[in-house]
Amino acid sequence: MALQPKPYKRPGFWARLASGNPSEAQLGYLLLVPAFTVLALVMLYPILNVVWKSLHYEKLNNPARGTPFIGLENFHDMAWGEGLRWSVTHLLVWRLLLLGGVAALWATVRRRARGQAVGWTVLLLAVWALLGIHPGAEGEWNDPRFWNAFGVSLLIIVVSVLGSFVVGLPLALVADIKTRWRWLVRVALLLPWAMPPVLIGLMFAWLFQDQYGVVNDLLRRVGVEGPIWLARVVPAIVAVNYTLIWKTSSFVGLVLLAGLQSIDRGLYEAAEVDGASVAQRFWQITLPLLRPAIAVALIFRTLTAIQTFDVPFAMTRGGPGRALETLGIYVYNTTLTLDIGYAAALSVALFLLSLAITVFYLRWIYTE
Amino acid sequence: MNRLFRYAALLLVVVNGLFPAVWLLLTSFKTSGELRQLPITYWPENFTFGNYVSVFTENPFGRFLLNSAVVSVVATLLCVLFAAFAGYALGRLNLPGRRVILTLIVTTSMFPALVLLVPLYRLFVGVEIPWLSEVFNSPIFTPNLLNTYWALIIPYVALSLPIATLILTSFFQLIPQDLESAALVDGCTRVSALFRIVAPVSAPGIVTAAIIVFVNSWNEFLLALTFNTTLQMRTVPVGITLYQGEYAFPWAIISSAIMLGVLPLVVLIIFFQRRIISGLTAGGVKG
């Protein structure tokens, strides 16, 4: 009986790994294990968990009732109300603006993109219809505090994101100037980004202090008596948004600066030769080529604006009263009362809001 | 004219960025009596360092600094280590599906950190592990991590991991592939090539990622406020909010505390400004 040669056997997955010379893919997946473990444990698990908890009753200070499954009751308590009705005139101005947006969409949309415009129109009309729901004269929201926080968050998102771009773009343009003071400009741009937001809130609370603050002192010098900034609703909104814009415009400025520096200088020289003015160069070259950087900054800014917590918390604790309580502050306050189930439902609302905005932006980027 | 306009713009940006901090610095040297004077003074009339002493006597500020330092440094080390592993795998190895994996990791950074508050709080209080309870026939709970360093280190590592991975992935992609190929031809294994060739070259990228993670961890407020509630376990940003009473705002002391709390960050941004900017915009350039 002749000896059969032993057939060559490729070393198995684990043998290869143990030999100390793993294949590229093996090594790669192995190196990804720690990162994935952390993200799964601290990001994925909590998000699944919070959705699960939002469907349950759980108060840590009432363990006797346990944690029964209650379906959508938390959400019903949060977003619904008694005696709700629908009327055309509720929030009339905002809904007219929305309809104006639909009209503007159809006026500007190109022939080829009509199909997408239909989708947006349906979405906008759905929002228009939803905005008509309100409690009648006898009815009331189950949780008016939630709708207040929702409105405050939306206001902060719109004002502070737009504001950070209005301020951030000039910041980037100035930081792009070549001078030997550039390092100082960079420090001035980096400081608002690097400082802890809660300390920025405290700092501006001192600047906006009604008697001994700088803002009111400067106003007094030009003959205006400044308001008690943080104790009145409208001035507090102004002060908090100003602070948020001061902090976040530096981040926007830095991202836009990177965008500016990636633009080919030759384009400007060519345009100058062709006799384009400074304004023309800005609108025709800078702004269009800056679009990717603008998109990235816009996404990150909006997603952080949804979670706004530190600055208004440090400045007014969500006050005066609850006038400036953002969704973030409301989630925190609810967690403090140990009502885990309801806090989870609020978190899910916040998560859905940021998910919707992410999807909106991603669609917008991909269609560009 | 053009020149004048430029300098005016530069001055405006510098004043806008630095004035609040300078004002705070001046405040920190004033006596509390001088703060309650009208009209307010801009330059301190008589300099005092008393506020900086009060910062340490009124609250255990040294302990706050220590807590912040331990949490931020450990979180930075772990986060950069894991991110360097992941970045190397995604940036240099021929890995099937690496674009999808990178997108997945970056997407997790879009989840609101706020959503982690409730589930992590519940987890750190201690939850029962059902299968272990069954094995031992008595309820087994996860350890109560509230008021420990781990309650902050674990989430900080996770929160900064996506951005650190993104920075290091794009950095590793820039290192020429030939450098490593040469080592492989000379008989290095993949693992030893990683430690002998790639690691030394990638020091600048690692420093960039480390600074960003450190600043993120040093500044975090919400989780630190909620998870570590004993005075001895407070971090700097949370600790500074403790100086204000119900109605009293000792602004001179608060200003001094803020100055001490941001000092490490100011040092970082003065010495590493280029690195920080390149790190911050890595996400922006790569999309």
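Residues numbered from 1 in each chain as written. Chains lettered and ligands numbered in written order. Predicted model: local features only at pLDDT ≥ 70, side-chain atom pairs only at ≥ 80, totals over all residues. Heavy atoms only, no water.

1. Here's the deal with unusual backbone geometry
A negative phi angle characterises most non-glycine residues, just as the trans form characterises most peptide bonds. Of note in the backbone geometry, L338(A) takes a positive phi value of approximately 65° without being a glycine. Its location among the elements puts L338(A) in the loop between α15 (327-336) and α16 (340-367). With a relative accessible area of 24%, L338(A) lands in the partly exposed category. The backbone of N147(B) sits at a positive phi, close to 65°, despite the residue not being glycine. Looking at the secondary structure, you find N147(B) in the loop between α7 (130-136) and α8 (150-174). Relative accessible area serves as the criterion here: at 25%, N147(B) is assigned to the partly exposed category. (Helix = DSSP H or I, 4+ residues; strand = E, 2+ residues; numbered from the N terminus. Buried < 20%, exposed > 50% of the residue type's maximum accessible area, 1.4 Å probe, protein only.)

2. Points about the domain arrangement of chain A
Taken domain by domain, chain A comprises domain 1 (84-141) and domain 2 (143-367). The C-alpha centroid of domain 2 of chain A is placed 27 Å from the C-alpha centroid of domain 1 of chain A. (Domains from an automatic or database assignment.)

3. Overview of the packing of aromatic side chains
According to the stated counting rule, one finds 26 aromatic pairs over all chains in the structure shown. With a centroid separation of 6.0 Å and 90° between ring planes, the pair formed by Y88(B) and F172(B) is classed as edge-to-face. Note that Y88(B) is positioned in helix α4 (residues 61-92) and F172(B) in helix α8, a separation of 84 residues in sequence. Comparing Y88(B) with F172(B), the two get one shared label, buried. Three or more aromatic residues link up through ring pairs in this structure, and these residues are F204(A), F208(A), W229(A), Y242(A) and W246(A). Directly above the ring of W128(A) sits R95(A), whose terminal nitrogen or CZ lies 4.5 Å from the centroid. (Phe/Tyr/Trp six-rings, centres within 6.5 Å; stacked < 30°, edge-to-face > 60°. Lys NZ or Arg CZ within 6 Å of the ring centre and 35° of its normal.)

4. Some remarks on the UniProt feature "transmembrane region" (unreviewed entry) in chain A
All names here are of chain A. If you check UniProt for "transmembrane region" (unreviewed entry), the listed places come out as residues 27-48, 84-106, 118-137, 149-175, 187-208, 289-309 and 340-362 in our numbering. Segment residues 27-48 splits into 100% helix and 0% strand. End C-alpha atoms: 30 Å apart. For residues 340-362, helix accounts for 100% and strand for 0%, while the C-alpha atoms at its two ends are 32 Å apart. (UniProt positions renumbered as here; feature names shortened; annotations may be inferred.)

5. So, the environment of G33(B)
All names here are of chain B. Relative to the helices and strands, G33 resides in helix α2 (residues 32-35). For G33, a relative accessible area of 44% gives the class partly exposed. Residues G33 and T208, spaced 175 residues apart in sequence, show a C-alpha to C-alpha distance of 44 Å.

6. Overview of the packing of helix α7 (residues 182-194) of chain A against helix α15 (residues 273-280) of chain B
Close contact between α7(A) and α15(B) brings their axes to 11 Å; oriented N to C, the two are set at 55°. As the angle between them shows, α7(A) and α15(B) are arranged oblique. In this structure, α7(A) crosses over α15(B), and the sense of that crossing is left-handed. On the side of α7(A), the interface is formed by W183(A), R186(A), V187(A), L190(A) and W193(A), while α15(B) contributes Q273(B), R274(B), I276(B), I277(B) and L280(B). Taken together, the residues of the contact of α7(A) with α15(B) sort by class into 7 nonpolar, 1 polar and 2 charged. (Axes fitted to C-alpha atoms, helices over the stretch in contact; angles between N-to-C directions. Parallel < 35°, antiparallel > 145°, perpendicular 65-115°, else oblique. Left-handed = near helix turned anticlockwise from the far one by under 90°. Contact = heavy atoms within 4.5 Å. Nonpolar A, V, L, I, M, F, W, Y, C, P; charged D, E, K, R; others polar.)

7. Quick notes on the confidence of the model for chain A
Averaged over all residues, the pLDDT of chain A is 83; the fraction at 70 or higher stands at 96%. Confidence scores differ between elements of chain A, with helix α1 (residues 13-18) of chain A showing the lowest mean pLDDT of 71 and helix α8 (residues 197-207) of chain A the highest of 90. (pLDDT = per-residue confidence, 0-100.)

8. Considering the interface of chain A and chain B
The interface of chain A with chain B comprises 85 residues on the first partner and 89 residues on the second. When chain A packs against chain B, the two sides together hide about 8,500 Å² of surface, and 81% of this comes from carbon and sulfur. Summed over the shared surface of chain A and chain B, the number is 1 salt bridge. One can count 6 residue pairs in polar contact (both at pLDDT 80 or more) joining chain A with chain B. In terms of residues, the side of chain A that touches chain B owes the most to one element, helix α2 (residues 24-54) of chain A, which gives 20 residues. Of the residues belonging to the side of chain A that touches chain B, the class tally is 62 nonpolar, 14 polar and 9 charged. (Buried area = accessible area lost by both parts, 1.4 Å probe. Salt bridge = Lys/Arg side-chain N within 4 Å of Asp/Glu carboxyl O. Polar contact = N/O pair within 3.5 Å; in protein donor to acceptor, adjacent residues only side chain to side chain.)

9. So, the domain arrangement of chain B
All names here are of chain B. Structurally, chain B comprises domain 1 (1-48) and domain 2 (60-286). Centre-to-centre, using C-alpha coordinates, domain 1 lies 34 Å away from domain 2. Of the roughly 560 Å² buried at the junction of domain 1 and domain 2 (both faces included), carbon and sulfur atoms supply 75%. Together, L24, S28 and L35 form the three largest contributors to the area buried by domain 1 at its contact with domain 2, with a combined 61%. At the boundary of domain 1 with domain 2, the tally comes to 0 salt bridges. Our count for the domain 1 to domain 2 interface comes out at 0 residue pairs in polar contact (both at pLDDT 80 or more). Examining the composition of the side of domain 1 that touches domain 2, we find that 5 residues originate from one element, helix α1 (residues 2-28), more than from any other. Across the side of domain 1 that touches domain 2, the residue classes tally to 4 nonpolar, 2 polar and 2 charged.

10. Some thoughts on the nonpolar core
Residues W193(A), F227(B), I240(B) and I258(B) are the most contacted members of the largest nonpolar core, which totals 185 residues. What W193(A) contacts, discounting residues up to four positions off in sequence, is K247(A), S250(A), F251(A), I212(B), V215(B), N219(B), I276(B) and L280(B). (Core = buried A, V, L, I, M, F, W, Y, C linked by side-chain atoms within 4.5 Å.)

11. With respect to the pattern of salt bridges
Scanning all chains against the criterion turns up 7 salt bridges over all chains. For D217(A), the salt bridge identified is with R221(A), shortest N-O distance 2.9 Å. Note that D217(A) and R221(A) are positioned in helix α9 (residues 214-221) at a spacing of 4 residues, about one turn of the helix. Judged by its relative accessible area of 56%, R221(A) falls in the exposed class. Note that E225(A) and R220(A) form a salt bridge whose closest N and O atoms lie 3.9 Å from each other. Overall, E225(A) belongs to the exposed group, its relative accessible area being 60%. Salt bridges linked by common partners bring K53(A), E58(A) and R122(B) together as one network.

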